[in-house]
Structure formats: structure tokens, C-alpha cells
Amino acid sequence: MKKINMAPLLSPEWANQGESFLTTQYGAYIKLKTQKVQLLRLEFAENYLGLSFVITVDDVRENIIIDKNFLSIVLPNDDEHIVEIILRNVDGNNSYFWEHPVIINNMLSDDGQVMQLIEDDDSFITFVGDSITAGEAMATDGNHPELSFPYLVAQELKKPLNRIAYGGTGLTANAPFQTPSAIDALWHVSNNVERVRTKTNLVVVNYGTNDFNYHATDESFAFGLRIYLLELIKRFHNARIILLIPFNGAFKHIIEKETQRFSCFEVVDTTGWLVDLSHVHPNIEEHSIIAKNILKGI
């Protein structure tokens, strides 16, 4: 087995730590092209409970739960394949995950060539938000970042995806999870670990659901949003930035008012996108509906 240089194969949700790479993001992915490779192997720093990945080889998709500290992918005995490896789940809430990231020490292959698909000068589409944007709890079997609206939009636009999304987060102290904060997540991928900077021309933001569900006042949300908008400008100062009104309509008038202070934001009203608002997390079909509506708006 020979060691592969992982860096060009990883999405921006992975950060370098010495010779290893770590992430705290559901939906973080590894994408590559193989030529005359029959076996790929990922070696993790430890045995993570509940760790699972969605593996796509060409057009065939499979969910794999890891019960050891390595993942082996056997490829068909053909010449070339496109492989995508997406982090789907790991045990523990996102605060624990933030402090205890998944770490890959090595990627190995048996023979042949492993090549990057995301070019160094590619422009990413970036999605920022909470558990809805992360693709959490989309079905009875849990998370499906590979079927979430950020993934579907990026696929349709043929753009590489950059996702910054953590469950339970929001723009006020009312949101149930404050680790990471929305601002910290923009700049870091784990506690004190800097997030990779990427070229991005389009940013889609969806915050406010957790603030509303946990009874944030209009005043506190307006204050939190105002601070966050300034942080978005600093982080993505050359990008087109779109704010989605939360799918339950929360804080619509505040988002519209606060974004008018700046010339670089657009607001997309999501009223009517989802018929059933009785559940917080959209299901697989509803994520598809959201994606179609976003594509119409951009």
C-alpha cells in the first residue's frame, strides 16, 4: 500500500493538523478520481463511536458504519472511477464533536493513481447555517448530508461545496448550542483550529430557526444578526451573500430591515416553500423542494 497526499482531495471542512486532517462537519467530504486502483483505505486516529460515511463510487451509493479505526473501499476491477466519501454521522452532540473532531491520519491505495477533482482555482458555493443546512435528522435513519439542499444545489450548479453548519446554533444566546458560536464557525473548524480559506462567489445563509424556537426576542435577534452580518462581510467580502428567511417565517421583518443597512446582502423569502411546518427538520423530499426553490432564486 502506498500513502496518498490527501490535501488536494479534501473539502474545505477538513483542516490540516501536522500530517493528519480533522473535521467537525457532517457532510465533510473527500472526492477523487482513481485509475487502476482496486483498494482505498482511510486510517483514523481512533475508533469513533457511531462513525459512518456515505460512499459513492461512480453512481452507486452506499452507507458504511465504521466499527474500527479504518475504512476500506474495494473498487470494481475497471480502469477509472469517481469516488466521493461523505461524513454522515458520529456519536455525540455538536459541542462534543467540536472538541473531539474526527481525525484521518492516512489515506492509502494498493496501486495505480489517485487524482484530485477539485482544482486549486475552483470557486466554491458556500452554505452556512444550523442542523437544517447540515442535513441532520432528514429521515428515520438520521442524517443525510448527501441528500440535503446544499449538496443538491452544488451538484446542479456543478460547483464544489463548502458547508459551515452546526446543529442547535443560532445568532442569540437563546440557541441551545453555543459551541461553536455562529461567528466562531466561520473562522474555525474545531476549537482553536483555523478553517481553510476558500474562493467562493456565492454564500447562502440560513439562521434564525433555533433562536425563534427557543424564544429569542426580536431585539436580541436583531442585535445578534447585526453583528453577524458584519462578520459575514469580513469573511466573504468579495462574494454574493444571500440570506434565506427561516422556513417557518421567523424574524422575516428583522432580517429584511437589518440587511438594508448594507449593499452586499440579498434576502430570499421562503414563504410557501414547505407545506408542513410541524417539524423542525425538513425531510428528504422537502430538502429537494428547498433546493429547487434556491436554484430559481439564484
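Structural notes, computed from the coordinates. Throughout this description, residue numbers start from 1 for each chain and increase along the sequence as written. Local features are withheld for residues below a pLDDT of 70 in this predicted model, meaning they are given only at 70 or higher, and side-chain atom pairs are given and counted only at 80 or more; totals for whole chains, interfaces and linings count all residues. Side-chain numbers here rest on the full set of heavy atoms in the structure, without hydrogens or water.

### Details of the side chain of Arg195
No. 1: Strands are runs of DSSP state E lasting at least two residues, helices are runs of H or I lasting at least four, and both sets are numbered from the N terminus onward. Checked against the element boundaries, Arg195 lands in the loop between strand 15 (193-194) and strand 16 (200-206).
No. 2: For every residue, the accessible area (1.4 Å probe, protein chains only) is compared with the maximum for its type, and the residue is labelled buried under 20%, exposed over 50%, or partly exposed between those bounds. Residues scored as positive are Lys and Arg, those scored as negative are Asp and Glu, and His as well as the terminal groups of each chain are ignored. Each reported salt bridge corresponds to a side-chain nitrogen of Lys or Arg within 4 Å of a carboxyl oxygen of Asp or Glu. In this structure Arg195 is buried but unpaired, with Glu13 as the nearest side chain of opposite charge at 5.9 Å.
No. 3: In this description, contact between two residues means that some pair of their heavy atoms is separated by no more than 4.5 Å. Every residue in contact with Arg195, bar those within four places of it in the chain, is listed here: Pro12, Glu13, Arg163, Ile164, Tyr166, Ala185, Leu186, Trp187, His188, Val189 and Arg235.

### Remarks on empty space enclosed by the protein
No. 1: Here the term cavity refers to a set of points on a 1 Å grid, laid over the protein atoms alone, in which a 1.4 Å probe fits but cannot get out; the term pocket refers to an open set having protein on both sides within 12 Å along at least five of seven lines, with lining residues being those that place an atom within 4 Å of a point. Grid points are joined across faces, edges and corners, and a volume is the space filled by probe spheres set on the points. The final tally for this structure, using the stated rule, is two cavities of 30 Å³ or more.
No. 2: Quantified by volume, the largest cavity comes out at close to 50 Å³.
No. 3: For the lining of the largest cavity, the secondary-structure elements that each account for two or more residues are strand 16, helix 6 (218-235) and strand 17 (240-244).
No. 4: Here the lining of the largest cavity gets three residues from one element, more than from any other, and that element is helix 6.
No. 5: Looking at the lining of the largest cavity residue by residue, the class counts come to nine nonpolar, one polar and no charged. Put simply, Ala, Val, Leu, Ile, Met, Phe, Trp, Tyr, Cys and Pro go in the nonpolar bin, Asp, Glu, Lys and Arg in the charged bin, and everything else, Gly too, in the polar bin.

### Re the sheet that holds strand 18 (residues 265-268)
No. 1: Should DSSP find at least two bridges between two strands, the strands are regarded as paired. Across the sheet, which stays open at both edges, the five strands sit in the order 13-12-16-17-18 with parallel pairing between neighbours. The open sheet has two edge strands with one neighbour each: strand 13 (161-165) and strand 18. Taking the axes of each pair of neighbouring strands and ignoring which way they run, one obtains an average angle of 20° across the sheet.
No. 2: Here four bridges tie strand 17 to strand 18, and the two strands are oriented parallel to one another. A fitted line through C-alpha atoms serves as each axis, taken over the contacting stretch for helices, and the angle formed by two N-to-C directions is quoted from 0 to 180°.

### Notes on the nonpolar core
No. 1: If you look at the biggest cluster of nonpolar residues, it comprises 66 residues, and the most contacted ones within it are Ile30, Phe44, Leu71 and Ile85.
No. 2: If you tally residues by element for this core, the top one is helix 6, at six residues.
No. 3: Every residue in contact with Ile85, bar those within four places of it in the chain, is listed here: Ala28, Tyr29, Ile30, Leu42, Phe53, Val54, Ile55, Leu71, Ile73 and Met107.
No. 4: Listed in part, the 24 residues of the second largest apolar core include Phe149, Val153, Leu161 and Ala291. Among buried residues, the Ala, Val, Leu, Ile, Met, Phe, Trp, Tyr and Cys ones that are joined through side-chain atoms within 4.5 Å form a nonpolar core.

### Considering the side chain of Ser95
No. 1: With respect to the helices and strands, the residue Ser95 is situated in helix 1 (residues 94-99).
No. 2: Of note is the side chain of Ser95, whose polar atom sits 3.1 Å from the backbone oxygen of Thr179.
No. 3: Once you skip the residues sitting within four places of it in the chain, Ser95 turns out to touch Phe177 and Thr179. N or O atoms closer than or at 3.5 Å make up a polar contact, with two conditions inside protein: a donor-capable atom paired with an acceptor-capable one, and, for residues adjacent in sequence, both atoms drawn from side chains.

### Section: the pattern of salt bridges
No. 1: Applying the stated rule across the entire model yields 10 salt bridges.
No. 2: Here Glu19 and Lys3 are joined by a salt bridge, their closest N and O atoms 3.5 Å apart. Separated by 16 residues along the polypeptide, Glu19 in the loop between strand 2 (15-17) and strand 3 (20-23) and Lys3 in strand 1 (residues 2-3) bring together distant segments of the chain.
No. 3: Looking at Glu19, the relative accessible area reads 62%, which means it is exposed.
No. 4: A residue is classified by how much of its surface remains accessible, and Lys3, at 49% relative accessible area, is partly exposed.
No. 5: For Glu80, the salt bridge goes to Lys33, with nearest N and O atoms at 3.6 Å. With a gap of 47 residues between them, Glu80 in strand 9 (residues 80-89) and Lys33 in strand 4 (residues 29-35) connect regions that are remote in the sequence.
No. 6: Assessed through its relative accessible area of 37%, Glu80 is described here as partly exposed.

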